[in-house]
Amino acid sequence: MEKHLNLTLQVWRQKNAQDPGGFKNYEAKGISTEMSFLEMLDVVNEGIIKKGEAPITFDHDCREGICGACGMVINGRPHGLRERTTACQLHMRSFNDGDVITLEPWRASAFPVLRDLLVDRSSFDRIIAAGGFISAPTGSAQDANCLPIPKDNADRAMDAAACIGCGACVAACPNASAMLFVGAKVSHLGLLPQGQPERTSRALDMVAQMDAEGFGTCTNHGECEASCPKGISLDNIAMLNRDYLKASLTYRPEVESGGF
Amino acid sequence: MELKSNIPDGPLEQKWDKHRFDMKLVNPANKRKYKVIVVGSGLAGAAAAASMAELGYEVECFCYQDSPRRAHSIAAQGGINAAKNYRNDGDSIRRLFYDTIKGGDFRAREANVYRLAQVSVNIIDQCVAQGVPFAREYGGLLDNRSFGGAQVSRTFYAKGQTGQQLLIGAYQALERQIGLGKVKMHTRHEMQELIVVDGKARGIVTRDMVTGEIESHMADAVCLGTGGYGNAFYLATYAKGCNGTAIWRAYKKGAAFGNPCYTQIHPTCIPVTGDHQSKLTLMSESLRNDGRVWVPKKAEDCGKKPSEIKEEDRDYYLERKYPSFGNLAPRDISSRAAKQVCDAGLGVGPGGRGVYLDFQDAINRLGASTVAAKYGNLFEMYERITDDNPYKTPMRIYPAVHYTMGGLWVDYNLMSTIPGLFVLGEANFSDHGANRLGASALMQGLADGYFVIPYTIGNYLAGHKPDKMNADQPEAKAAAAAVQDRIGKLLAVNGKSTPTDFHRELGKVMWEHCGMARNEKGLEKALELIPEIKERFWKDVKVGGSGDELNQSLELAGRVADFIELGELMCMDALQRRESCGGHFREEWQEDGEAKRDDENFAHVAAWEYKGEGQKPVRHTEQLSFENVHLATRSYK
Ligand SMILES: Cc1cc2nc3c(=O)[nH]c(=O)nc-3n(C[C@H](O)[C@H](O)[C@H](O)COP(=O)(O)OP(=O)(O)OC[C@H]3O[C@@H](n4cnc5c(N)ncnc54)[C@H](O)[C@@H]3O)c2cc1C
Ligand code: FES
């Protein structure tokens, strides 16, 4: 049944990367339990704009839990308390009348805040650019069914590939590590036969970029898995560690040919 | 304005092959001297940017999100078609071609659609090579499912996340080129103007959405893969940021707009719950493979729980009306049928605007775990939003705006009426006629990006000398000044209503008068209301903040301003097309509730030319000729 809630929001406001930022309180009145969490923020923002102030800035796009754009720390948890749910998929029926809700951006040095709840996650793209791909230029492919792949491997690859790149894993980790994100990509591609030729360089290059971006190390807290809206499993980190170790032991840097 | 489709001559099957031979090539050593701008990083844009960079062109790519991986293509659920005939069930390139032409109600070009069907097979190969984890069978080979409007099983899928996986494949190919320094990526940059010099597209003006800086970017050619404009209806299954701005600016610079009124209303979306609603969520059409659509036979049963309504009191209206396609009838037909039963007072749920999609038979037949394996993530999404469990109680669904078949007019080479401006994916009007079949937008986006533009751009560039034009050109400066001016105006109004207020108002007018059923009176009414909304918008919008900072209210205001104008053009086009075809249903032209085409007078593309502020745009036509298919009444009975 639809109900209406009165809530207090404590929201992190920060004008730009240079601004130190701070919390500001807002009242959200008469919020329908049928609304999504972002629709509740829309209502609050409409009120703020009408007062001539700048609305609360947050990333969002699909509002279906698939694009990975949204993301904010709600009451201390990335994407809020509901398991396996992005902020955009959270509904107001999960809240009670009178609740005080705190909203903060992802906190990690590799994700600088640009404004309010919106951060710069381009470090994730650079990690993919470093090695998170299979080199298969357009036109070079053979017939798709020439390469049978055991269903189980394909399914596991799909599970890892379900990562939406939202960054909740980093925000949840006390060390702000990106191991779950990197592990998911290394597993997705490493579980497939097409991914084998570059498996060694992929693990090394992605980890090197991850370190260069300033993400922390993994000390097995498991907070990443717990906060992942897509349920990406810690097994992916184990696979990354195996691939990385093996790669470090076997990798031979390319030698310039010619000259002999 | 001349609309030259540039369809190669010769037999249908050989056109593309012959054309590829006839097109000019750019010498490999010269390719790096050409710069190409790609706006958009969805399936069309990312595939195009990566493929052109692989060929050696210098590419700059733009998107409004913080990462190319978040383009709206990511949300596609159901699947992608390809004429592989891996099922041995009678599929072929010709059948995919025929189904697509017929599905589009004979309002698309034969040659384009045939090419699409031809390259569809290469797309699957390409995606698998990139590591796209399509669903497989126990033997390790690729699995398929069926989709609406087809009687063969030719849809490839990756759980309910096909768009996500295809986009991640294209995104990774794109990131690889970015890492190699072949593509320069500009995220959080919104295109706001097209720069035309000497009649050719030579660049774009963008706003850096973080700093507010207005920048001009010059190139030898510009490709737009900026997606559809269905958000003109406010409530739609699109991502919130999807906009018509890029194509609308290009239209105002001289690119013809093809068939703006062709909109797809998807039958299976979660119904509206209230005024706060910010978007609608699609439930993939693949659900209709196993779900059965019904409403109560008697109006007095509509308020009851579905489990209390006896089998004989249910009307499985799609199965009844379209026995050979049943629940897999195409989208336009299924949507209209849902509207008809709800209009007749048989709808369920709030406001009587809903029908049931019931999985009980499938669960009894296949078991809950098999159903979960196929649709688990969709069921979960449904439950999150509605708080109802579809394993126990039927889903409630209603049609919603989902796709725009219209878009910038392009020739066979995907070039618009502005030389050097190419348009790919949903942003162009090309392949789906008046109705798109399920699983064919992903196919078209990737066909355009991977397998068409890499060839046709070369043909254009071979006739154009690379000149490293810079942004000091007067045309570039004027375009940048126009953008500044517009932003200044939006901020200066300082009225009382927010951009969302206007967007919602526009959406209501569009849905009411230019939605699932249209008629002359309603469209005329809309054409009175929309200019009035436009006038009020520029007098009363309240944006807040400034232009030189991250300002999401300003972003939205600019998009809404364009949607208002685009909505008006959609209504004009709908009014002029005095027939029913596909998704365009004019109540005056029907037979037994089905769309009645007028091939004599309307077997053409309508392409609109902008004539300046306050002037009526001009409607041009491109006659469609059907040499390989017989123009038949589209029947799914
Ligand atoms: C929920 C849903 C499910 C769907 N399911 C299916 C399906 O199962 N099968 C199928 O075939 N089709 C499906 N479709 C349709 C299909 O997903 C889209 O038509 C297709 O993905 C569009 O791809 P695109 O590359 O043309 O555009 P998009 O993916 O929309 O990409 C547009 C790009 O342009 C950029 N852009 C837009 N405007 C600007 C601007 N002004 N400045 C700078 N950049 C800009 C965006 O940042 C983005 O990168 C579905 C659609 C929806 C909404
Ligand atoms: S807005 Fe796309 S995942 Fe939340």
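Here the structure is a predicted model, which means the values were calculated and not measured.

A.B. asks: Which parts of the structure should I look at to understand the overall build of chain B?
C.D. replies: In terms of regular secondary structure, chain B is built from 17 helices and 21 strands. For 637 residues, the compact-globule formula gives about 26 Å, and the C-alpha radius of gyration of chain B, at 24 Å, lands near that figure. Its C-alpha atoms put chain B at 75 × 60 × 50 Å along the principal axes. Pairs at least 24 apart in sequence give 73% of the contacts found in chain B among residues at least 6 apart. When the accessible area of chain B is evaluated, it comes to approximately 20900 Å², of which 48% is carbon and sulfur surface. Distance between charge centroids for chain B: 2 Å, based on 81 positive and 81 negative side chains.

A.B. asks: So what exactly am I meant to see when it comes to the site of ligand 1 here?
C.D. replies: Residue and element names in this part refer to chain B. Among the 36 residues in the neighbourhood of ligand 1, the closest are listed as Gln65, Ser73, Met191, Glu426 and Leu442. The separation between an oxygen atom of ligand 1 and a polar main-chain atom of Tyr64 is 3.0 Å. In the environment of ligand 1, an oxygen atom lies 2.5 Å from a nitrogen or oxygen atom belonging to the side chain of Ser73. Against a free-state accessible area of 1000 Å², the protein chains account for coverage of 98% of ligand 1. Broken down by secondary-structure element, the contributors of at least two residues to the shell around ligand 1 are helix H3 (43-55), strand S6 (189-197), strand S15 (395-404) and helix H12 (441-461). Here the shell around ligand 1 takes three residues from S6, the largest share from any one element.

A.B. asks: Which parts of the structure should I look at to understand a positive patch on the surface?
C.D. replies: Taken together, Arg32, Lys33, Lys465 and Lys468 of chain B make up a surface patch of like positive charges. Looking at the secondary structure, you find Arg32 of chain B in the loop between helix H2 (28-31) and strand S1 (35-39).

A.B. asks: Teacher, can you tell me more about the domain arrangement of chain B here?
C.D. replies: The extent of an interface is frequently quoted as the accessible surface area lost upon association of the parts. Residue and element names in this part refer to chain B. With domains assigned, chain B is organised as domain 1 (265-401) and domain 2 (482-599). Domain 1 and domain 2 are separated by 29 Å when their C-alpha centres are compared. Considering only the surface of domain 1 that becomes buried against domain 2, Ile265, Arg336 and Lys339 emerge as the three largest contributors, covering 49% of it. Linking domain 1 to domain 2 there are zero salt bridges. Inspection of the domain 1/domain 2 interface yields four residue pairs in polar contact (both at pLDDT 80 or more).

A.B. asks: How should the sheet that holds S1 of chain B be read in this particular structure?
C.D. replies: Hydrogen bonding along the main chain pairs the strands of a sheet, whether they run parallel or antiparallel. All names here are of chain B. Pairing is parallel in the open sheet, where five strands are placed in the order S5-S2-S1-S9-S17. Only two strands of the sheet have a single neighbouring strand rather than two, namely strand S5 (183-186) and strand S17 (421-423). Each neighbouring strand pair of the sheet contributes to a mean axis angle of 20°, computed without reference to strand direction. One ladder, built from five bridges, connects S1 with strand S2 (residues 58-62); its direction is parallel. The residue of S2 that forms the bridge with Ile37 is Glu60.

A.B. asks: How should the sheet that holds strand S20 (residues 604-609) of chain B be read in this particular structure?
C.D. replies: Residues and elements named next belong to chain B. Read from one edge of the open sheet, four strands run S16-S10-S20-S21, paired in antiparallel fashion. With partners counted over all chains shown, the strands left at the sheet margins are strand S16 (407-408) and strand S21 (618-623), one partner each. Inspection of the sheet shows S20 paired to S21 by six bridges, in the antiparallel sense. Bridged to Glu609 within S21 is Val618. Set on the sheet, helix H16 (residues 552-576) makes contact with strand S10 (257-258), S20 and S21; between it and S20 the angle comes to about 140°.

A.B. asks: Looking at this structure, how should I read the packing of helix H15 (residues 520-540) of chain B against H16 of chain B?
C.D. replies: Relative placement of two packed helices is described by the angle separating their axes and the distance separating the axes. Residues and elements named next belong to chain B. With their axes 9 Å apart at the nearest point, H15 and H16 run at an angle of 160° to one another. Compared by their axis directions, H15 and H16 come out roughly antiparallel. Taken as a pair, H15 and H16 cross one another with a handedness that is left-handed. Every residue of H16 that contacts H15 at Glu520, Leu523, Glu524, Ala526, Leu527, Ile530, Pro531, Ile533, Lys534, Phe537 and Trp538 is listed here: Ala557, Val560, Ala561, Ile564, Glu565, Gly567, Glu568, Cys571, Met572, Ala574 and Leu575. Residues belonging to the contact of H15 with H16 are distributed by class as follows: 16 nonpolar, one polar and five charged.

A.B. asks: Would you explain the domain arrangement of chain A in this entry?
C.D. replies: Residues and elements named next belong to chain A. The domain boundaries assigned to chain A delineate domain 1 (4-114) and domain 2 (121-256). Between the C-alpha centres of domain 1 and domain 2 there is a distance of 30 Å. Listed by partner, the interface residues are 18 residues for domain 1 and 22 residues for domain 2. Buried surface at the junction of domain 1 and domain 2, summed over both partners, amounts to about 1500 Å²; 57% is from carbon and sulfur atoms. When the area that domain 1 buries against domain 2 is broken down by residue, the three leading residues are Arg84, Ala110 and Phe111, summing to 34%. For the pair domain 1 and domain 2, the number of links is two salt bridges. Inspection of the region where domain 1 meets domain 2 yields six residue pairs in polar contact (both at pLDDT 80 or more). Looking at side-chain class alone, the side of domain 1 that touches domain 2 contains nine nonpolar, six polar and three charged residues.

A.B. asks: Looking at this structure, I do not really get the nonpolar core. What am I missing?
C.D. replies: One recurring pattern in soluble globular proteins is that nonpolar side chains are buried together. Counting 200 residues, the largest nonpolar core has Met52, Ile80, Phe134, Leu224, Leu408, Leu421 and Ile457 of chain B as the members making the most contacts within it. The biggest single contributor to this core is H16 of chain B, with 13 residues. Val119, Ala176 and Ala178 of chain A together with Tyr171 of chain B belong to the second largest nonpolar core, which has 36 residues in total.

A.B. asks: So what exactly am I meant to see when it comes to the pairing of S1 of chain B here?
C.D. replies: A regular strand carries its side chains on alternate faces of the sheet. Residue and element names in this part refer to chain B. Taking burial as the measure, the five residues of S1 include five buried ones, the bulk of the element. The side-chain alternation of S1 yields two buried faces, one formed by Lys35, Ile37 and Val39 and the other by Val36 and Val38. Following the chain from S1 across H3 to the adjacent parallel S2, one finds a crossover that is right-handed.

A.B. asks: Teacher, can you tell me more about the interface of chain B and chain A here?
C.D. replies: Facing the 74 residues of chain B at the interface are 74 residues of chain A. Note on chain B versus chain A: buried area summed over both sides is about 6100 Å², and carbon and sulfur give 51% of it. Summed over the three residues of chain B that lose the most area to chain A, namely Arg70, Arg136 and Arg384 of chain B, the buried surface amounts to 12% of that side. Here chain B and chain A share nine salt bridges between them. One salt bridge in this structure joins Arg93 of chain A and Asp387 of chain B, with 3.9 Å as the shortest N-O distance.

A.B. asks: How should the environment of Lys392 of chain B be read in this particular structure?
C.D. replies: Residue and element names in this part refer to chain B. On the secondary structure map, Lys392 appears in the loop between helix H11 (368-386) and S15. A relative accessible area of 68% places Lys392 in the exposed class. Spatially, the C-alpha atoms of Lys392 and Ser307 are 9.3 Å apart, while their sequence positions differ by 85 residues.

A.B. asks: Explain helix H3 (residues 151-161) of chain A here, please?
C.D. replies: Structurally, the α-helix is built with 3.6 residues per turn, so residues lying three or four positions apart point the same way. Every buried residue belonging to H3 of chain A is among Lys151, Ala154, Ala157, Met158, Ala160 and Ala161 of chain A, and all of these are buried. In the core, the buried residues of H3 of chain A are packed alongside helix H5 (179-190) and helix H8 (235-250) of chain A together with helix H6 (162-179) of chain B.

A.B. asks: What's the story with the packing of aromatic side chains in this structure? I'm lost.
C.D. replies: The geometry of an aromatic ring pair comes down to the distance between the two centres and the angle between the two planes. Residue and element names in this part refer to chain B. Inspection of the entire model under this criterion finds 29 aromatic pairs over all chains. Measuring from centroid to centroid gives 6.3 Å for Tyr375 and Phe379, while their planes differ by 15°, and the two rings are stacked. One end of the pair, Tyr375, and the other, Phe379, are both in helix H11, four residues apart, so they sit about a helical turn from each other. The buried category is assigned to Tyr375, whose relative accessible area is 2%. The interplanar angle of 80° and the centroid separation of 5.3 Å between the aromatic rings of Phe537 and Trp538 together place this pair among those described as edge-to-face. A connected cluster of aromatic rings, assembled from ring pairs, spans Tyr229, Trp248, Tyr251, Phe257 and Tyr610. Note that Arg20 overlies the ring of Tyr455, its terminal NZ or CZ placed 5.5 Å from the centroid. Over the aromatic face of Tyr403 sits the side chain of Arg436, whose NZ or CZ is 4.1 Å from the ring centroid.

A.B. asks: Can you walk me through helix H4 (residues 93-103) of chain B in this structure?
C.D. replies: Among all positions in H4 of chain B, only Leu96, Phe97, Asp99, Thr100, Ile101, Lys102 and Gly103 of chain B are buried. Here the buried face of H4 of chain B lies against strand S3 (80-81), helix H5 (110-130) and H12 of chain B.

A.B. asks: Sorry if this is basic, but what is going on with empty space enclosed by the protein here?
C.D. replies: A water-sized probe, rolled over the atoms, reveals where empty space remains. Scanning all chains against the criterion turns up 16 cavities of 30 Å³ or more. In this model, the largest cavity occupies a volume close to 840 Å³. His72, Ser73, Gly227, Gly228 and Glu426 of chain B are the residues nearest the centre of the largest cavity, which is lined by 49 residues in total. Elements with a contribution of two residues or more to the lining of the largest cavity: H3, S6, helix H7 (245-252), S15 and H12 of chain B. Here the residues of the lining of the largest cavity sort into 20 nonpolar, 23 polar and six charged. Roughly 190 Å³ of internal volume is contained in the second largest cavity. In terms of lining, the second largest cavity is formed by 17 residues, of which the most central are Glu39 and His91 of chain A together with Gln277, Thr281 and Ile385 of chain B.

Each value, and the rule that gives it
Residues numbered from 1 in each chain as written. Chains lettered and ligands numbered in written order. Predicted model: local features only at pLDDT ≥ 70, side-chain atom pairs only at ≥ 80, totals over all residues. Heavy atoms only, no water. Helix = DSSP H or I, 4+ residues; strand = E, 2+ residues; numbered from the N terminus. Rg over C-alpha atoms; globule rule 2.2 N^0.38 Å. Contact = heavy atoms within 4.5 Å. Areas by Shrake-Rupley, 256 points an atom, 1.4 Å probe, with all protein chains shown as cover. Lys, Arg positive; Asp, Glu negative; His and termini not counted. Charge placed at Lys NZ, Arg CZ, Asp CG, Glu CD. Near = heavy atom within 4 Å. Polar contact = N/O pair within 3.5 Å; in protein donor to acceptor, adjacent residues only side chain to side chain. Patch = residues over 30% accessible without salt bridge, like charges linked within 9 Å, V, L, I, M, F, W, Y side chains within 5 Å. Salt bridge = Lys/Arg side-chain N within 4 Å of Asp/Glu carboxyl O. Domains from an automatic or database assignment. Buried area = accessible area lost by both parts, 1.4 Å probe. Pairing = 2+ DSSP bridges. Axes fitted to C-alpha atoms, helices over the stretch in contact; angles between N-to-C directions. Parallel < 35°, antiparallel > 145°, perpendicular 65-115°, else oblique. Left-handed = near helix turned anticlockwise from the far one by under 90°. Nonpolar A, V, L, I, M, F, W, Y, C, P; charged D, E, K, R; others polar. Core = buried A, V, L, I, M, F, W, Y, C linked by side-chain atoms within 4.5 Å. Buried < 20%, exposed > 50% of the residue type's maximum accessible area, 1.4 Å probe, protein only. Right-handed = clockwise from strand over helix to strand, strands pointing away. Phe/Tyr/Trp six-rings, centres within 6.5 Å; stacked < 30°, edge-to-face > 60°. Lys NZ or Arg CZ within 6 Å of the ring centre and 35° of its normal. 1 Å grid on protein atoms, 1.4 Å probe; cavity = no way out; pocket = protein on both sides within 12 Å on 5 of 7 lines; lining within 4 Å. Points joined across faces, edges and corners; volume = space filled by probe spheres on them.

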